[in-house]
Amino acid sequence: MTLVLNILVDGVAYGMVLFVMAVGLSITLGLMKFINLSHGAFAMAGGYAVSVLAGTHGWNFWVALVVAVIATGAFGALLETLVLRHLYRRPELQQVLFTIGLTFFLVATANAIFGPQVRNIPLPSILSGSLDLGFRTLPTQRAFVLLAGLAAAGLLTWTVARTRFGIWIRASVDHADAASGLGIPIRLVQCLSFGAGAALAGLGGVLGAELMPLEPYYPLKYLVLMLVVVAVGGMGSIPGSLCAALVLGIVDTASKYLVSEWGSLLFFVAMGLLLAWRPRGILNR
Amino acid sequence: MNPRSIRTLAIGASLACALICAPAAAQTVKVGIIGPFSGPFAHYGALFKAGAEAYVQAQGGKLAGQTVEFIYRDTGGPNPSQTKTLAQELIVKDKVDYLGGFVFTPNALAVAPLIEKSKTPTVIFNAATSGITEKSDYFIRTSYTLSQVTVPLAKWAADNKLSKVVTAVTDYGPGVDAEAAFKAAFSAKGGTVVESIRMPISTTDFAPFVQRIKASGAQAVYTFLPGGPPNLGFVKAYNDNGLAASGIRFLGTAETDEYDLDKFGDAALGLTTAFHYSAAHDSASNKAFIAALQKRDPAAVANYASVGAWDGLYVIHKMIEATKGKRDGAAAVAAARKLSWESPRGPVRIDDTTRHIVQNVYLRKVEKIDGKLANREVQNFGPQADQRTTAQ
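Every residue gets a number counted from 1 within its own chain, in the order that chain's sequence is written. The lettering of chains begins at A and the numbering of ligands begins at 1, in the order of writing. Two thresholds apply to this predicted model, a pLDDT of at least 70 for residue-level local features and 80 or more for giving and counting side-chain atom pairs, whereas whole-chain, interface and lining totals are computed over all residues.

Quick notes on the overall build of chain A
Step number 1: Regarding its fold elements, chain A presents 13 helices and 2 strands.
Step number 2: The principal-axis extent of the C-alpha atoms belonging to chain A is close to 60 × 50 × 35 Å.
Step number 3: Contact between two residues is assigned when their C-beta atoms, built from the backbone, lie within 7 Å. Taking the intrachain contacts of chain A between residues at least 6 apart in sequence as the baseline, contacts between residues at least 24 apart amount to 76%. Secondary structure elements follow DSSP: runs of H or I no shorter than four residues count as helices, runs of E no shorter than two count as strands, and numbering proceeds from the N terminus.

Structure (structure tokens):
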């Protein structure tokens with residue numbers, strides 16, 4: 001019984017980290033239909049920003065977090081305006097090649113500026129302890145990620161489904177010319193949504209850093225995990241990504257408790273089965 | 001004179017100079033250093049470079065009266081075929097007198113047939129698998145082997161009322177070796193390994209493994225992890241999940257190495273490891289080593305990789321001395337086999353048969369010394385040879 005509870009607690013906590021890392025990608029890849037393999041690089045940018053502001057310059061963690069997320073969003077929006085928007089109508093292969101090239105460029109940049117070693121993100125004291133759950137303890141940071149992930153999921157689902165901006169996004173992706181004819185400022189919508197995706201990546205980079213420590217190779221190392229979550233969750237479906245991240249997190253954790261010598265095998269078997277069962281996303285029939 | 005003939009003249013002049021200058025260049029002793037200088041392991045290359053160059057600087061820029069020229073070659077990560085090509089180029093084209101470096105075992109193994117043929121003395125600064133030096137008579141090693149540091153730790157654990165230990169190692173070659181060495185030495189002394197956990201190399205979330213360690217009922221966990229993210233992740237999980245608080249001791253080897261140590265923060269306090277080098281080792285020779293490193297680069301890290309290179313250069317220094325700067329691989333290695341000296345890590349010697357370094361292994365505890373995390377040596381296990389034969 002304790003084993004099952006352990007698997008659930010650790011699995012949900014790990015799944016939430018996966019979700020926070022991947023949710024930004026679900027926006028650019030799913031909603032905007034833009035294959036953005038540089039997502040991990042944006043996550044890394046957010047992480048490094050907090051590490052420099054809070055670690056080197058001694059800023060308050062929360063201030064540093066907000067500034068880093070906004071700065072990563074602005075960086076994404078800037079890149080979108082200058083370069084990436086020209087790729088929207090290009091074939092997927094060119095998008096893949098360009099964004100993976102951008103990732104290599106940012107990996108080398110991070111290596112040149114910060115060196116190859118792991119960088120710490122100093123946590124405020126309120127997040128650095130452990131919570132007592134009765135039968136075991138859970139790191140407070142993990143509990144915070146859980147709440148932050150749920151909040152992000154709720155807020156995003158509401159924005160996309162209920163607000164005018166959400167309608168604009170869906171309209172400009174589905175039919176850009178018609179949307180533009182109806183007076184929707186599609187350039188602004190595209191730029192803002194890409195910026196939001198980058199900002200979420202930055203948030204994930206900071207919150208996920210406890211499990212996926214910051215280093216220059218970060219964008220390439222964890223990209224596969226993020227892509228798996230978005231693919232299993234279904235393109236652009238935020239509840240789907242959340243669900244997929246939780247299922248995969250629990251499967252991976254269970255395999256660590258029960259059959260760790262199999263490595264990541266179960267994680268990818270689960271991915272294969274889920275994709276075979278629901279190719280269009282875990283919540284899409 | 002038209003531009004074309006000026007160019008011809010210039011080329012001719014530089015060719016002539018090259019011919020005249022060539023005999024002069026042959027006076028210098030050339031040392032090829034092979035290691036990762038780019039990619040995720042580039043810090044090893046930087047540490048090798050720092051240790052080697054600081055040594056030559058500390059000797060006044062010359063070794064045994066000879067000018068030394070370093071030629072660095074980059075292998076990236078574990079890449080035996082490229083390493084072989086690079087070594088061949090160094091030996092044939094650059095005509096190096098000595099080779100040094102090597103972080104990864106497969107890379108070191110790849111050059112064995114080459115150096116055997118060319119009789120090039122090759123000093124391994126890091127690669128830590130026991131059998132490497134058997135593969136060529138020209139290998140000398142100034143690092144350590146896993147069993148060399150693990151066996152004394154296992155014996156100490158058994159002698160200190162730790163009867164039940166769980167092993168948790170990263171599931172790759174060195175991890176499996178470390179697990180085997182610990183198990184053999186620990187059970188020989190009557191201890192019980194209650195569970196052996198192998199953690200996939202791609203693991204990011206260590207919480208499940210740490211919970212399993214907690215549930216195993218062991219008094220201590222022996223662990224082996226590659227440096228960087230896995231190492232940091234495991235120690236973080238060990239603390240966050242209350243293992244330290246519930247009294248399950250941490251037993252490791254290279255985990256608290258100086259390069260990663262300050263990234264742990266206070267989570268590292270109290271971690272117990274057995275290892276051959278600590279930057280906090282209290283000796284004149286270690287102080288001189290650290291001063292030399294910092295003179296070259298104030299931010300330099302003194303750890304097992306830089307001390308491996310420093311001592312490696314000591315061995316090369318003595319080989320140059322013994323051969324008076326002439327190229328004589330056999331005589332050089334014969335001299336190296338007899339060496340014993342005071343290294344920054346303590347008194348060491350080269351074993352005559354294995355050509356591997358014999359050195360003290362220390363039990364250390366992470367403490368704050370002058371506000372900085374350091375590995376304080378609390379017990380000296382005495383001189384240890386590579387214990388492969390006793391461990392397996």
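That was the structure; now back to the text.
Quick look at the domain arrangement of chain B
Residues and elements named next belong to chain B.
Step number 1: What the domain assignment reports for chain B is domain 1 (28-144 + 282-355) and domain 2 (147-275 + 361-391).
Step number 2: Computed over C-alpha atoms only, the centres of domain 1 and domain 2 are separated by 28 Å.
Step number 3: Contacts between the two partners involve 9 residues from domain 1, matched on the other side by 10 residues from domain 2. What marks off one domain from the next here is an automatic or database domain assignment.

Notes on helix α3 (residues 61-82) of chain A
Step number 1: Helix span is expected to be 1.5 Å times the residue number reduced by one. The end-to-end C-alpha distance of α3(A) is 31 Å, a good match for the 32 Å that 22 residues give at a rise of 1.5 Å each.
Step number 2: Those residues of α3(A) not exposed but buried are A64(A), L65(A), A68(A), V69(A), T72(A), G73(A), G76(A), A77(A) and E80(A). Residue burial is a threshold on neighbouring C-beta atoms within 10 Å of the residue's own C-beta, all placed from the backbone, with 20 or more meaning buried, 12 or fewer meaning exposed, and counts in between meaning partly exposed.

A few points about the pairing of strand β11 (residues 272-275) of chain B
Residue and element names in this part refer to chain B.
Step number 1: Here the rule is simple: two strands pair whenever DSSP picks up at least two bridges between them. Where strand β10 (residues 249-252) meets β11, 2 bridges bridge the pair, whose relative direction is parallel. By the bridge assignment, G252 is partnered in β11 with T273.
Step number 2: With the strands aimed away from the viewer, a crossover counts as right-handed if its path from the first strand over the helix to the second runs clockwise. The handedness of the β10 to β11 crossover, carried by helix α9 (residues 258-264), is right-handed.
Step number 3: Bridge count for β11 against strand β14 (residues 357-369) is 4 bridges, and the pairing is antiparallel. Counted as the bridge partner of T273 is R364 from β14.

Regarding the sheet that holds strand β1 (residues 29-35) of chain B
Residues and elements named next belong to chain B.
Step number 1: Reading across the sheet, the 6 strands line up as β2-β3-β1-β4-β5-β6 and stay open at both edges, with mixed pairing between neighbours. Taken across any chain shown, the strands that pair with only one partner, and hence form the sheet edges, are β2 (62-63) and β6 (139-141).
Step number 2: Pairing analysis gives 2 bridges linking β2 to strand β3 (residues 66-74), with the strands arranged antiparallel. Residue pairing in the sheet places L63 in a bridge with Q66 of β3.
Step number 3: Contacting β1, β3 and β4 (98-101), helix α3 (residues 80-92) runs over the sheet at an angle of about 175° to β1.
Step number 4: For helices, the fitted axis covers only the stretch in contact; all axes are lines through C-alpha atoms, and the angles between them, taken along N-to-C directions, range from 0 to 180 degrees. Contacting β1, β2, β3, β4, β5 (122-124) and β6, helix α11 (residues 304-323) crosses the sheet at an angle of about 170° to β4.

Focus: the interface of chain A and chain B
Step number 1: Every contact between the two is made by 24 residues of chain A and, on the other side, 26 residues of chain B.
Step number 2: Those elements that provide at least two residues to the side of chain A that touches chain B are α1 (2-31), β2 (137-139) and α12 (238-258) of chain A.
Step number 3: Looking at side-chain class alone, the side of chain A that touches chain B contains 9 nonpolar, 9 polar and 6 charged residues. Ten residue types, Ala, Val, Leu, Ile, Met, Phe, Trp, Tyr, Cys and Pro, are classed as nonpolar, four, Asp, Glu, Lys and Arg, as charged, and the remainder, Gly among them, as polar.

Considerations on unusual backbone geometry
Residue and element names in this part refer to chain B.
Step number 1: The backbone of F102 sits at a positive phi, close to 75°, despite the residue not being glycine.
Step number 2: C-beta crowding within 10 Å serves as the criterion here: with 33 such atoms nearby, F102 is assigned to the buried category.
Step number 3: At K161, a residue that is not glycine, the phi angle is positive and equals roughly 60°.
Step number 4: Mapping K161 onto the fold places it in the loop between α5 (146-159) and β7 (164-170).

A short note on the nonpolar core
Step number 1: Note on definitions: a nonpolar core is a set of buried residues drawn from Ala, Val, Leu, Ile, Met, Phe, Trp, Tyr and Cys, linked by C-beta atoms within 7 Å. Judged by nonpolar contacts, the single largest core of 206 residues is most densely connected at L18(A), V20(A), A22(A), V229(A), A245(A), L248(A) and V221(B).
Step number 2: Per-element tally for this core: the top contributor is α1(A), with 16 residues.
Step number 3: Sequence-distant contacts of V229(A), that is, excluding residues within four places in its chain, are made with L18(A), F19(A), A22(A), S241(A), A244(A), A245(A) and L248(A).

With respect to the environment of G228(B)
Step number 1: In this fold, G228(B) is placed in the loop between β9 (220-224) and α8 (229-240).
Step number 2: Leave out the neighbours within four places in its chain, and G228(B) touches V118(A), E215(A) and D260(B).

Considering the environment of A218(B)
Residue and element names in this part refer to chain B.
Step number 1: On the secondary structure map, A218 appears in the loop between α7 (207-215) and β9.
Step number 2: For A218, a count of 22 C-beta atoms within 10 Å puts it in the buried group.
Step number 3: Sequence-wise, A218 and G191 are 27 residues apart; in three dimensions their C-alpha atoms are separated by 11 Å.
Step number 4: Setting aside anything within four residues of it in sequence, one finds A218 in contact with K164, V165, V166, V194, I213 and I248.

Some remarks on the pairing of β14(B)
Side-chain direction in a regular strand flips from residue to residue, so the side chains alternate between the two faces of the sheet.
All names here are of chain B.
Step number 1: Examined bridge by bridge, strand β13 (residues 346-350) and β14 share 3 bridges and lie antiparallel to one another. Within β14, the position partnered with R349 by the bridge is V358.
Step number 2: The turn joining β13 and β14, which pair antiparallel and follow one another in sequence, is formed by 6 residues; a positive phi near 55° is taken by R355.
Step number 3: Where β14 and strand β15 (residues 372-384) come together, 10 bridges link them in antiparallel fashion. Pairing of K365 across the sheet is with R376, part of β15.
Step number 4: The turn joining β14 and β15, which pair antiparallel and follow one another in sequence, is formed by 2 residues; a positive phi near 55° is taken by D370.

Here we look at the packing of helix α11 (residues 223-233) of chain A against helix α13 (residues 265-277) of chain A
All names here are of chain A.
Step number 1: Axis separation between α11 and α13 bottoms out at 9 Å; the angle between their running directions is 25°. With respect to each other, α11 and α13 are oriented roughly parallel. Note on packing geometry: the crossing formed by α11 with α13 is left-handed. Contacts between α11 and α13 involve V228, A231 and V232 from the former and M271, L274 and L275 from the latter.
Step number 2: When grouped by side-chain class, the residues that make up the contact of α11 with α13 number 6 nonpolar, no polar and no charged. Small angles under 35 degrees read as roughly parallel and large ones over 145 as roughly antiparallel, with 65 to 115 read as roughly perpendicular and the rest as oblique. Left-handed describes a crossing whose near helix is turned anticlockwise from the far helix through less than a right angle; right-handed describes the clockwise counterpart.

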